[in-house]
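Observations on the three-dimensional arrangement
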Amino acid sequence: MGKEIEKTGIPVVVMCNLIDVAKTVGSNRMVQTVSVPYPLGDPELSAEAEWQLRTSRVEAALNALAADIAEPTVFPSKF
Amino acid sequence: MLKAIHYINQFFGQVGGEDAADAKPIFHDNLVGCSMMLNQMVKPDIEVTNTIVCGDNYITNHTDEALKEIFAWLDTKKFDIFFAGPAFMAGRYGVGCGIMCKAVAERYHVPVITSMNEENPGVEEYKSVCCIFKGGRKATFMKDDVTAMAAFAKKIARGEELLPAAQEGYFPRGIRAEIPQPDGRIAADRVIDMLLKKLKGEPFQTELIIPKMEKIPPAPALKDLAHATIALVSSSGVVPVDNPDRIQSASAQKWGKYDISKLDNLPEGVFKTIHAGFDPAAMCHIPDRGIPVDAMRYFEKQGKIGKLYDYFYVTVGTGTTQAFAAKFGREIAAELNAAKVDAVVLTAT
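A word on the overall build of chain A. Looking only at helices and strands, chain A has 3 helices and 3 strands in total. Taken along the three principal axes of its C-alpha coordinates, chain A extends 40 × 25 × 15 Å. Sorting the 79 residues of chain A into buried and exposed places 54% on the buried side. Long-range contacts, defined as pairs at least 24 residues apart, comprise 38% of the intrachain contacts of chain A with a sequence gap of at least 6.

How big an interface is tends to be stated in terms of the accessible area lost upon association of its parts. Residues and elements named next belong to chain B. Taken domain by domain, chain B holds domain 1 (2-168) and domain 2 (225-347). Taken together, the contacts link 4 residues of domain 1 with 5 residues of domain 2. Looking at the side of domain 1 that touches domain 2 residue by residue, the class counts come to 1 nonpolar, no polar and 3 charged.

Looking now at the nonpolar core. With 117 residues, the main nonpolar core has A:V13, B:A4, B:F82, B:A231, B:V344 and B:L346 as its most contacted residues. Among the domains, domain 1 (2-168) and domain 2 (225-347) of chain B are the pair contributing at least three residues each to this core. Residues within four places of B:V344 in sequence aside, it is in contact with A:I5, A:I10, A:V12, B:A231, B:V233 and B:L336.

Residue and element names in this part refer to chain B. In spatial order, the strands read β2-β3-β1-β4-β5-β6; together these 6 strands make up an open sheet with mixed pairing. Pairing within the sheet leaves two strands with one partner each, and these edge strands are β2 (26-28) and β6 (131-134). With strand direction ignored, the average angle separating the axes of adjacent strands in the sheet is 25°. Where β2 and strand β3 (residues 46-54) come together, 3 bridges link them in antiparallel fashion. Across the sheet, H28 pairs through a bridge with T51, a residue of β3. Where helix α6 (residues 142-158) meets the sheet, its contacts fall on β1 (2-9), β3, β4 (81-84), β5 (112-116) and β6, and the angle it forms with β5 comes to roughly 160°.

For chain A, per-residue confidence averages 94 on the pLDDT scale, and residues scoring 70 or more make up 100% of the total. Highest mean pLDDT in chain A belongs to helix α3 (residues 47-65) of chain A (97); lowest belongs to helix α2 (residues 19-24) of chain A (87).

This paragraph deals with the sheet that holds strand β9 (residues 256-259) of chain B. Ordered by their spatial adjacency, 7 strands build an open sheet running β3(A)-β2(A)-β1(A)-β12(B)-β7(B)-β11(B)-β9(B), and the pairing between neighbours is mixed. One side of each edge strand has no neighbouring strand; the edge strands of this open sheet are β3 (73-74) of chain A together with β9 of chain B. In this structure, strand β7 (residues 229-234) of chain B lies alongside strand β12 (residues 343-347) of chain B, joined through 5 bridges in parallel fashion. Considered in β12(B), the bridge of B:A231 is made with B:V344. Its contacts with the sheet put α3(A) on β1 (12-16) and β2 (29-32) of chain A together with β12 of chain B, and the angle it makes with β2(A) is roughly 170°.

On to α6(B). All names here are of chain B. Spanning 17 residues, α6 covers 24 Å between terminal C-alpha atoms, matching the ideal 24 Å at 1.5 Å per step. Of the residues making up α6, those classed as buried are M142, D145, V146, A148, M149, A150, F152 and A153. Of the residues one or two after α6, G159 is the one with positive phi, at around 70°.

Attention shifts here to unusual backbone geometry. Residues and elements named next belong to chain B. In this structure, the amide linkage connecting K43 to the following residue, P44, adopts the cis form with an omega of 0°. Topologically, P44 is positioned in the loop between α1 (34-42) and β3. Cis geometry marks the peptide bond from G85 to P86; its omega dihedral reads 10°. Inspection of the secondary structure assignment puts P86 in the loop between β4 and α4 (91-108). The phi angle at R246 is positive, at roughly 55°, despite the residue not being glycine. Looking at the element boundaries, R246 is found in the loop between β8 (238-240) and β9. Its identity as a non-glycine residue notwithstanding, K340 has a phi of 60°, on the positive side. Look at K340 and you get exposed, because 8 C-beta atoms sit within 10 Å.

Let's shift gears to the interface of chain A and chain B. With 42 residues of chain A at the interface, the matching set in chain B holds 52 residues. Counting residues per element, the side of chain A that touches chain B draws most heavily on α3(A), which supplies 7 residues. Looking at the side of chain A that touches chain B residue by residue, the classes come out as 24 nonpolar, 9 polar and 9 charged. The sheet contact formed by β1(A) and β12(B) spans 4 bridges and is parallel. Pairing of A:M15 across the sheet is with B:T347, part of β12(B).

Thresholds applied
Residues numbered from 1 in each chain as written. Chains lettered and ligands numbered in written order. Predicted model: local features only at pLDDT ≥ 70, side-chain atom pairs only at ≥ 80, totals over all residues. Helix = DSSP H or I, 4+ residues; strand = E, 2+ residues; numbered from the N terminus. Buried ≥ 20, exposed ≤ 12 C-beta atoms within 10 Å, placed from the backbone. Contact = placed C-beta atoms within 7 Å. Domains from an automatic or database assignment. Nonpolar A, V, L, I, M, F, W, Y, C, P; charged D, E, K, R; others polar. Core = buried A, V, L, I, M, F, W, Y, C linked by C-beta atoms within 7 Å. Pairing = 2+ DSSP bridges. Axes fitted to C-alpha atoms, helices over the stretch in contact; angles between N-to-C directions. pLDDT = per-residue confidence, 0-100. Expected span 1.5 Å × (residues − 1).

Written as structure tokens, this is what we have:
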């Protein structure tokens, strides 16, 4: 899905848990998520910690969209 | 008689469904679930001695720990062949089988055999390092898929000649073995035949297949994030609670778009996930865990991005064929381009 969107020139950042799968299907900008059932959250954390986690990963994704890359790249997140 | 060990996931290992996907490895001194069928089929050349059961989340998210535990146990066992699956179209299960087969082959140097449907992401990732038989889409194909795995293992056990991947029925590993042409015709004759067929516009088959995976060059970076319009796209299955477009919970054949222009987050009870590929409780409780409208709105207010696009686009990513996923991508891209959206954050599960 992402690939077809990127083909039209719109940069796409894929946020997913299994990064190796994203790589094999040809994603270019990637940020790893927490898990499959809760990609951008964690029921074990406090509300504050979860918010920090979610904003941190989304911020990494936004920065990835503004980053020039030559090849598939995984962008790390602080939390 | 050769000995074999069989790896299966929590579901087929009778631990439980999604709720048990975090289960740590369980080592059985007997056979559990479909291991019994496999054992029946490989007799009398091979005996399946043990079943290893592990949760799909555990093996894919805690791979190092899982392998450490499994190796500690496997080190005490004697076995000649390793089986995993069949995994059908179950994505995490397929990746789990691939992880196991790769690791076992590297450490114990024994044949590793599994089975997956061609749409399983585990195929692309692991087909070069293990024999992945071409399997059915779902568990109703259990007998067929186990039969294929067992038949190949028996050939190995009997020392029979192993044929190229396409003839044995597994995904080619990208290994080229030099063999004399079975019909004895020399290369010059064969290539001229091919050329003549090509000139006549007839179908012909190359002897040197070069697999290709379509790569898209990275789109140029956004120059000005602070003025960019960014859209959320997702395969997480988060939709309005009544699922107005009736998007399928698995093997989706459509996508939906939903207005978020007046929302700062996706409230529980207004949105939920209909995704059938994982335990939906956590995402139904806080749908922003799947589609982070709240975080995107926050960054919009902060001025980090220009605008969060007024709609999000969503489908369900489990069991969905690549052909449908590509179609959805093209349709959504057309809308995004028409709306002058600059970039996409795509959340996948």
